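Fold and geometry: a report
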Amino acid sequence: MNKTEAKKEKKKIGLTTKIFIALISGAVFGVLLHELVPAGTVRDEVIINGILYVVGQGFIRLMKMLVVPLVFCSLVCGSMSIGDTKKLGGIGVKALVFYLCTTALAITVALSVANVINPGRGLDMAAAEQNAESVASTTQSVSVQETLLNIIPTNIFEALTNGTMLQVIVFALIVGIILAKLGDRVETVKNFFGQFNDVMMEMTMMVMALAPAGVFCLIAKTFAETGFDAFLPMVKYMLAVMLALLIQCFVVYLGLLKIFTGLNPFIFIKNFFPVMAFAFSTATSNATIPMSIDTLAEKMGVSKRVSSFTIPLGATINMDGTAIMQGVAVVFAAQAFGIQLDFVDYLTVIGTATLASVGTAGIPSVGLVTLTMVFNSVGLPVEAIALIMGIDRILDMSRTAVNITGDAVCTTIVAAQNGALNREIFENSRKKKTQ
């Protein structure tokens, strides 16, 4: 009996596989609908703008429903777990600043690469044209000074109601830091946020269980209206994300390593590659924590006193890979819907995604939830997420490998600056490689 149950468990199809199947089948169904079924009431009103529209938009609305309460609670809990900066000490503060800076760099790289490749060009979202125009018409030019001031909420309840995410993020971070500082005196409040965060994560899992149906309908509707024209932009989107991930990993990270430690970046990658491969295969940063700490100690000479703190911290707040996906997705969606983003919009994207990275680890489908938030911050339609969801699993594996590499580079730099890096161990590992 136990063996048969175990076989059934193995045969169960995972959610990501279901979403990918829904993407492919939705695209095929949409193309067939576009090419074979003549235009008319049945195809346009009943199927495309009826069933597909209602189910697809219903899923999008459920995702929007999650954004504000989930992000607020997760950020409060995330900043609360980081704790008071006085207790963190120099190592913690340096690691925290480094992680936030690399995340901002990651989004900048993603936006730059995406604007060169232009993944959304050629994808004419004709059905969403009116929506795009309404969004564009309500978007006003705002100065950089006003954008910075608008980060600070004048009425947090208004910010929560309107979904002004930068203001919500700042307020949540402040609340979390204060709760950490007050400690046991506010144990009831801390428990409330922790438990409510658990409730929201459970709700996220429930909503994501409906993702295959939502993705099928959204993708089918898109391809039914555009035909084969939607394939090339999706391929260009994947290429843009992969190129940005490669630049972040092999240019930004290794460049910072060379500048701040003087270590040979190529030897570092060779030593750390088994951990990167493991992270790629599992697509989870948390599973690589013990392996990362051991590898850094045995092959890089990093003291476990440092790595045992900075590696778990990085797994919690360092979401550079996710930030890259979000940056490319912003450009992809803006181009697909014909929405012009200006310099202030890009600054808003960088600020929103960077601050959101503090408390997003451990949340199911966190990249998609925070992507919804980033889209909302600059007024982009979230319908474009449907095109991204199906191919996200492949990119997610690469993002995880980049994330844990960033954690390791940060840990090595912080260790070097605090005299906790044994360079002899690193040099000995280098000699072993050449022998």
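An account of the accompanying structure is given in this report.

Next up on the list: unusual backbone geometry. A positive phi angle is found at asparagine 118, which is not glycine, with a value near 55 degrees. Take asparagine 118: it is sitting in the loop between α4 (85-117) and α5 (129-138). Overall, asparagine 118 belongs to the buried group, its relative accessible area being 17%.

The final tally for this structure, using the stated rule, is seven aromatic pairs. Residues phenylalanine 72 and phenylalanine 193 carry aromatic rings whose centres are separated by 6.0 Å and whose planes lie at 55 degrees to one another, so their mutual orientation is tilted. Note that phenylalanine 72 is positioned in helix α3 (residues 41-82) and phenylalanine 193 in helix α9 (residues 187-208), a separation of 121 residues in sequence. Each member of the pair, phenylalanine 72 as well as phenylalanine 193, is classed as buried. Ring pairs connect the aromatic residues Phe72, Phe171, Phe192, Phe193 and Phe196, which therefore count as one cluster.

Here the focus is empty space enclosed by the protein. Under the counting rule described, the total for this entry stands at two cavities of 30 Å³ or more. Computed from the structure, the second largest cavity encloses a volume of approximately 30 Å³. Mapped by element, the contributors of at least two residues to the lining of the second largest cavity are α13 (289-300), α14 (304-317) and α19 (392-417). The class makeup of the residues in the lining of the second largest cavity is four nonpolar, three polar and one charged.

With that out of the way, let us pick up the side chain of asparagine 403. Its location among the elements puts asparagine 403 in helix α19. If sequence neighbours within four positions are ignored, asparagine 403 has contacts with Ser285, Asn318, Met319, Asp320, Gly321 and Thr322.

Here is what the cut-offs are and how they apply
- Residues numbered from 1 in each chain as written.
- Predicted model: local features only at pLDDT ≥ 70, side-chain atom pairs only at ≥ 80, totals over all residues.
- Heavy atoms only, no water.
- Helix = DSSP H or I, 4+ residues; strand = E, 2+ residues; numbered from the N terminus.
- Buried < 20%, exposed > 50% of the residue type's maximum accessible area, 1.4 Å probe, protein only.
- Phe/Tyr/Trp six-rings, centres within 6.5 Å; stacked < 30°, edge-to-face > 60°.
- 1 Å grid on protein atoms, 1.4 Å probe; cavity = no way out; pocket = protein on both sides within 12 Å on 5 of 7 lines; lining within 4 Å.
- Points joined across faces, edges and corners; volume = space filled by probe spheres on them.
- Nonpolar A, V, L, I, M, F, W, Y, C, P; charged D, E, K, R; others polar.
- Contact = heavy atoms within 4.5 Å.

Treat this as a map of the structure, not an account of what it does.
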